[in-house]
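# Summary of the model geometry
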Amino acid sequence: MADRRKYSFYVEDKALQTTDRPKKFLEAFAAVLQHSNYFLALDAYTRLSTKCSRCAAACQLYQATGQERDIPCHRSELLFKIFRRYFTSAGALKARLWGGFTLTDEHLDALAEAVYRCTACRRCKSTCPMGIDHGLVTHLARWLLSEIDLAPKALVVATRAQLEGVGNTSAIPVPALKDTCEFLEEEFRDIYGVEGVKFPFDVEGAEFVFFPAVSDYLLEPDTLMGNAAVMHVTGGSWTIGTGNYDGINYGLFYSDRMMERIVKNVVAEVRRLKGRKILVGECGHATRSAWFVPTFCGPDAPEVVNCMQYTLEQLRAGKIPLKAQRIEERTTYHDPCNIARAGRITEEPREILKTICKDFVEMTPNRTENYCCGGGGGTVSIDEIRAFRTGPMGKRKAEQIRATGAKYLVAPCANCKKQLREICEDNGLDSVEVVGLHDLVLKVIDFGVGGSGPGAQGGQREKT
Amino acid sequence: MQSWIEWLRGPGFAFAFTFMVLGLVRRAALTAWEVARAMRRAGDKSLPYRQIGITTLKWLVPLGKLKSQLVFSLTSVLLHAAGVIVALFLGGHIALWARGLGIFWPAIPNGLADVLTLVAIVAAAALVVQRVAAGPARALSRFQDYALLLILALPLASGFLVMHPRLNPFSFEAALLVHVASAELLFVLIPVTKLSHAILLPGVHLVSEVAWHWPPDAGSKVAATLRKENQPV
């Protein structure tokens with residue numbers, strides 16, 4: 001039996017105790033192909049793959065390591081090989097006539113290592129002449145591996161806490177949540193001198209039910225205060241449900257089966273509260289997994305709105321009063337892959353930032369071609385691979401950040417923020433401050449109370 | 001040799017060409033059927049058609065993609081463009097269609113065809129060189145990735161020799177035999193190898209998008225099939 005560090009990430013004991021893994025993997029593969037639409041993509045990809053290696057040039061990891069195993073096409077081939085051999089008639093015939101590839105434990109281990117060296121950022125898709133979505137292949141391979149219990153312990157434990165424990169990935173009980181929010185309401189009074197800003201709980205019939213990354217309640221009070229401030233000044237109808245207040249969905253990173261359960265729990269909470277829309281906080285993967293709501297729950301499911309979309313709409317409508325003084329410090333923006341890669345949310349944050357910052361600069365490349373923070377695909381939660389994340393995987397991002405010379409690095413994503421802070425720590429970018437977009441919005445909102453508060457030039461509020 | 005050539009130009013061509021056409025039509029039809037089936041099953045039936053269309057067009061006419069890995073991109077585009085134009089618009093090829101089926105269309109001048117043929121041959125050779133020279137491509141390449149380029153270059157080179165007897169060190173019949181045989185081998189290989197991108201490529205971005213659209217309860221059904229409904233996380 002291998003030790004617990006058989007892989008570069010920790011796994012649960014049951015992953016090391018599972019027997020007959022190839023057979024179980026193939027059974028899971030068959031079930032997934034039967035009930036999903038992945039067969040369509042694999043059938044096309046395995047016919048089309050030209051092995052031209054253009055994807056290598058797009059991959060920030062390959063750029064840093066130059067290792068064959070980090071070429072996206074090489075990684076995908078590990079799964080394609082299994083698909084061709086066991087799920088195509090040509091592969092079965094070839095195996096009968098000439099033998100050849102047989103799925104082994106070693107192959108599964110190599111696949112597991114490969115797909116967790118990938119952040120599933122999907123940047124390589126845009127450079128593949130054959131249109132192969134290697135991110136989809138990584139996503140699928142992770143699900144299949146999880147069915148033989150081969151998944152990073154960090155992701156499984158968080159998902160377990162959400163689905164079978166306290167109900168959220170940070171294990172924050174409702175009383176603690178309420179205490180935190182009351183504290184933040186007091187902060188509005190103490191720091192900004194503004195009364196009446198609320199974090200409303202369990203309001204029935206609200207337009208928006210709010211689902212931030214639950215870790216924001218512990219780590220990103222400024223982001224949450226920015227969200228609440230926007231809702232306050234715009235008179236937005238919103239609520240936080242005490243039945244479910246976590247937008248995080250690690251199912252997206254390792255199991256569609258878990259993703260479905262988490263998405264359905266979100267929708268159930270919105271329906272319990274008779275809310276109309278899901279308002280997702282500053283979190284890339286929470287937003288993307290919420291976009292799967294109609295997939296899992298049908299076309300009548302609640303609409304999904306990212307908080308940046310709401311804020312921009314209100315800003316354009318002139319409903320967010322701003323102080324005359326804007327943010328002076330150079331500011332740049334990191335596009336979270338999960339909302340930007342497909343081009344769904346790229347301009348909203350820029351329009352907001354250009355309105356509130358005097359010196360906004362772009363990273364190069366940006367938008368759909370931006371580099372991943374290096375912690376995508378849930379890898380940011382795997383603390384034991386930090387050196388990898390902030391080293392080879394984060395090298396290009398560190399170079400991008402350094403080149404901007406920015407003080408504020410805005411990342412509207414809880415996972416990106418954690419990873420970017422670690423990148424800055426490990427790459428000598430000490431002067432860079434990683435913040436959420438609403439942290440900056442909070443600085444420039446004019447509450448009309450006579451200029452109290454830290455103001456646009458004020459430093460970050462003290463973290464709680 | 002003459003009888004072989006006659007067979008290849010007659011029944012051999014009919015078989016290979018029909019195999020290619022039917023093979024590609026079958027592949028297109030199966031893919032279209034699967035896409036329709038997937039969307040019928042999908043919980044979310046909305047697709048970003050405009051974005052899919054734009055991405056598809058950008059790759060079908062990849063002029064905007066040339067700047068990335070310029071030499072590789074350029075040689076690849078030149079091989080495709082020159083090879084397809086010569087195959088379809090060479091006067092000699094059109095004359096065969098006119099003689100066999102009575103259909104014809106405008107031809108390109110033979111001089112232009114010569115230039116395009118040479119461009120395609122050089123591009124095919126350049127792609128082989130790049131595969132060998134570039135570390136990532138060399139690491140990934142399989143036997144077929146080299147073999148298909150060679151098979152692609154054979155009808156081009158032999159066709160050039162057929163058109164230019166004075167440059168042909170072999171007999172006219174030998175060059176013609178290789179030309180027709182290698183072209184027909186290519187026809188047969190197109191639907192069953194990665195060359196099937198001739199028909200699959202226009203739909204691949206749609207396929208990728210549809211693959212993210214699962215049936216509702218897909219995860220629950222997988223759990224039921226694997227008897228894991230009540231299994232803890």
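Here the residue numbering is sequential within each chain, running from 1 through the sequence in written order. Here chains are named by letter from A upward and ligands by number from 1 upward, in the order in which they appear as written. Residues qualify for local features only when their pLDDT is at least 70, as the model is predicted, and side-chain atom pairs are given and counted only at 80 or more; totals for whole chains, interfaces and linings, by contrast, use all residues. Excluding hydrogens and water, the side-chain values take into account all heavy atoms of the structure.

### Focus: the overall build of chain B
Filter applied, for reference: Only DSSP runs of H or I with at least four residues qualify as helices, and only runs of E with at least two residues qualify as strands; both kinds are numbered from the N terminus onward. In this scheme, a residue with accessible area under 20% of its type's maximum is buried, one over 50% is exposed, and one in between is partly exposed, where area comes from a 1.4 Å probe on protein chains only. The contact rule is simple, with two residues in contact once any of their heavy atoms fall within 4.5 Å. Here, Shrake-Rupley sampling with a 1.4 Å probe gives the accessible areas, and only protein chains in the shown set may cover a residue.
In terms of helices and strands, chain B carries ten helices and zero strands. When the helices and strands of chain B are read in sequence order from the N terminus, they spell out α-α-α-α-α-α-α-α-α-α. Each principal axis of the C-alpha atoms in chain B carries an extent, and together these give about 75 × 40 × 35 Å. Buried residues in chain B amount to 42% of all 233 residues. Taking the contacts inside chain B whose residues are at least 6 apart along the sequence as the reference set, 67% of them involve residues at least 24 apart. Per element, the accessible surface of chain B, about 12,500 Å² overall, is 73% carbon and sulfur.

### Here's the deal with the sheet that holds strand 4 (residues 303-306) of chain A
Across a sheet, paired strands are connected by hydrogen bonds in the backbone, their directions being either parallel or antiparallel. All names here are of chain A. The test is simple: Two strands pair under a simple rule: DSSP has to find at least two bridges between them. Note on geometry: axes are lines fitted to C-alpha atoms, helical ones only across the stretch in contact, with angles between N-to-C directions running from 0 to 180 degrees.
Spatially, four strands are ordered 2-1-3-4 in an open sheet, and the strand pairing comes out parallel. Edge positions in the sheet fall to strand 2 (238-239) and strand 4, since each has one partner strand and no second. Along the sheet, helix 13 (residues 221-234) contacts strand 1 (208-211), strand 2 and strand 3 (277-280); its crossing angle with strand 1, the most-contacted strand, is approximately 170°. Lying on the sheet, helix 18 (residues 307-316) is in contact with strand 1, strand 3 and strand 4; it crosses strand 4 at an angle near 75°.

### Considering the packing of aromatic side chains
Put simply, the rule reads: Pairing of aromatic side chains here covers Phe, Tyr and the six-membered ring of Trp, requires ring centres within 6.5 Å, and sorts the geometry by plane angle: under 30 degrees stacked, over 60 edge-to-face, intermediate tilted. Two limits define a charge over a ring: the Lys NZ or Arg CZ must be within 6 Å of the ring centre, and within 35 degrees of the ring normal.
Inspection of every chain in the model, using the stated rule, returns 29 aromatic pairs over all chains. For the ring pair Tyr38(A) and Trp214(B), a centre distance of 5.9 Å and an interplane angle of 55° mean the geometry is tilted. Within this pair, whereas Tyr38(A) is found in helix 3 (residues 38-48), its partner Trp214(B) is found in the loop between helix 9 (197-211) and helix 10 (218-225), the two belonging to separate chains. Here the two residues Tyr38(A) and Trp214(B) agree in accessibility, since each one is buried. Feature note: the residues Tyr38(A), Trp143(A), Phe292(A), Phe296(A), Trp212(B) and Trp214(B) constitute an aromatic cluster, connected by ring pairs. Above the plane of the ring of Tyr86(A) lies Arg85(A), whose end atom (NZ or CZ) is 4.4 Å from the centre. A cation sits over an aromatic face here: Arg344(A) above Trp291(A), 3.8 Å from the ring centre.

### Section: the packing of helix 13 of chain A against helix 18 of chain A
Residues and elements named next belong to chain A. The criterion, for reference: Crossing handedness: left-handed means the near helix sits turned counterclockwise from the far one by under a right angle, and right-handed means the same turn made clockwise. Classification used: nonpolar for Ala, Val, Leu, Ile, Met, Phe, Trp, Tyr, Cys and Pro, charged for Asp, Glu, Lys and Arg, polar for all others including Gly.
Two elements in contact, helix 13 and helix 18, have axes separated by 11 Å at closest approach and are oriented at 35°. Crossing geometry of helix 13 relative to helix 18 is assigned as left-handed. Contacts between helix 13 and helix 18 pair Asn227, Val230, Met231 and Thr234 from the former with Cys307, Tyr310, Thr311 and Gln314 from the latter. Counted by class, the contact of helix 13 with helix 18 contains four nonpolar, four polar and no charged residues.

### Some points on the sheet that holds strand 8 (residues 433-435) of chain A
Residue and element names in this part refer to chain A. The parallel open sheet is built from four strands, whose spatial order is 6-5-7-8. The open sheet is flanked by strand 6 (360-361) and strand 8, the only strands paired with a single partner. Where strand 7 (residues 408-410) meets strand 8, three bridges bridge the pair, whose relative direction is parallel. Note that in strand 8 the partner of Tyr408 across the bridge is Glu433. The strands touched by helix 20 (residues 347-356) are strand 5 (331-333), strand 6 and strand 7; relative to strand 5, the strand with the most contacts, the crossing angle is about 175°.

### Quick word on the nonpolar core
For soluble globular proteins, the rule of thumb is that nonpolar side chains tend to be buried together. Just so we agree on the cut-off: Here, the term nonpolar core denotes a set of buried Ala, Val, Leu, Ile, Met, Phe, Trp, Tyr and Cys residues that are joined through side-chain atoms within 4.5 Å.
Membership of the largest hydrophobic core comes to 157 residues, with the highest contact counts inside it found for Phe25(A), Phe29(A), Leu79(A) and Phe188(A). With residues up to four places along the chain from it excluded, the contact list for Phe25(A) reads Leu79(A), Ile82(A), Leu103(A), Leu108(A), Leu111(A), Leu144(A), Leu145(A) and Ile148(A).

### Describing the pairing of strand 1 of chain A
Residues and elements named next belong to chain A. A two-sided burial pattern is seen for strand 1, the buried positions comprising Phe208 and Phe210 on one face and Val209 and Phe211 on the other. Here strand 1 runs beside strand 2; their pairing, made up of two bridges, is parallel. Bridged to Phe208 within strand 2 is Trp238.

### Some thoughts on the confidence of the model for chain B
Here is the rule: Per residue, pLDDT measures the predictor's confidence, with a range of 0 to 100.
Mean pLDDT over chain B works out to 96, with 100% of the residues at or above the 70 mark. Interface confidence for the predicted complex, given as ipTM, is 0.96, next to a pTM of 0.96.

### Comments concerning the interface of chain A and chain B
Stated formally: When two parts are put together, the accessible area they lose, computed with a 1.4 Å probe and summed over both, is reported as buried area. Salt bridges are defined by distance alone: a side-chain nitrogen of Lys or Arg within 4 Å of a carboxyl oxygen of Asp or Glu.
Chain A puts 67 residues into the contact, and the matching count from chain B is 53 residues. Counting each side, the surface lost to burial between chain A and chain B is near 5,000 Å², with a carbon and sulfur contribution of 59%. The largest share of the area that chain A buries against chain B comes from Asn37(A), Leu40(A) and Arg54(A), three residues that together contribute 15% of it. Across the contact surface, chain A and chain B share three salt bridges.

### Things to note about the pattern of salt bridges
Residue and element names in this part refer to chain A. As enumerated under the stated definition, the model contains 44 salt bridges over all chains in all. Here Glu328 and Lys358 are joined by a salt bridge, their closest N and O atoms 3.1 Å apart. Residue Glu328 is found in the loop between helix 18 and strand 5, and its partner Lys358 is found in the loop between helix 20 and strand 6; the two are separated by 30 residues along the sequence. With relative accessibility at 36%, the residue Glu328 sits in the partly exposed group. Among the salt bridges present, the one from Lys395 reaches Glu399, with a minimum N-O distance of 3.4 Å. One end of the pair is Lys395 and the other is Glu399, both in helix 22 (residues 395-404) and four residues apart, which spans about a single turn. According to the relative accessible area criterion, Lys395 is partly exposed, its value standing at 39%. Residue classification places Glu399 among the partly exposed residues on the basis of a relative accessible area of 32%. A single salt-bridge network, built from bridges that share partners, covers Asp383, Arg386, Arg389, Lys418, Glu422, Glu425 and Asp426.

### Notes on unusual backbone geometry
For the peptide bond that leads from Thr364(A) to Pro365(A), omega is -5°, which places it in the cis range. Relative to the helices and strands, Pro365(A) resides in the loop between strand 6 and helix 21 (386-390). Even without being glycine, Asp20(A) reaches a positive phi, approximately 55°. As for its placement among the helices and strands, Asp20(A) is situated in the loop between helix 1 (13-17) and helix 2 (21-35). Of note, the phi angle at Arg227(B) is positive, near 55°, even though the residue is not glycine. With respect to the helices and strands, Arg227(B) occurs in the segment after helix 10.

### A look at a negative patch on the surface
Definition in use: Within this analysis, patches are made of residues with over 30% relative accessible area and no salt bridge. Like charges are joined at 9 Å or less; nonpolar side chains (Val, Leu, Ile, Met, Phe, Trp, Tyr) at 5 Å or less. Here Asp and Glu are counted as negative and Lys and Arg as positive; His is not counted, and neither are the chain ends. Charged side chains are reduced to one point each, which is NZ for Lys, CZ for Arg, CG for Asp and CD for Glu.
On the surface, a cluster of negative charge is contributed by Asp179(A), Glu182(A), Glu186(A) and Asp190(A). By secondary structure assignment, the location of Asp179(A) is in helix 11 (residues 174-192).

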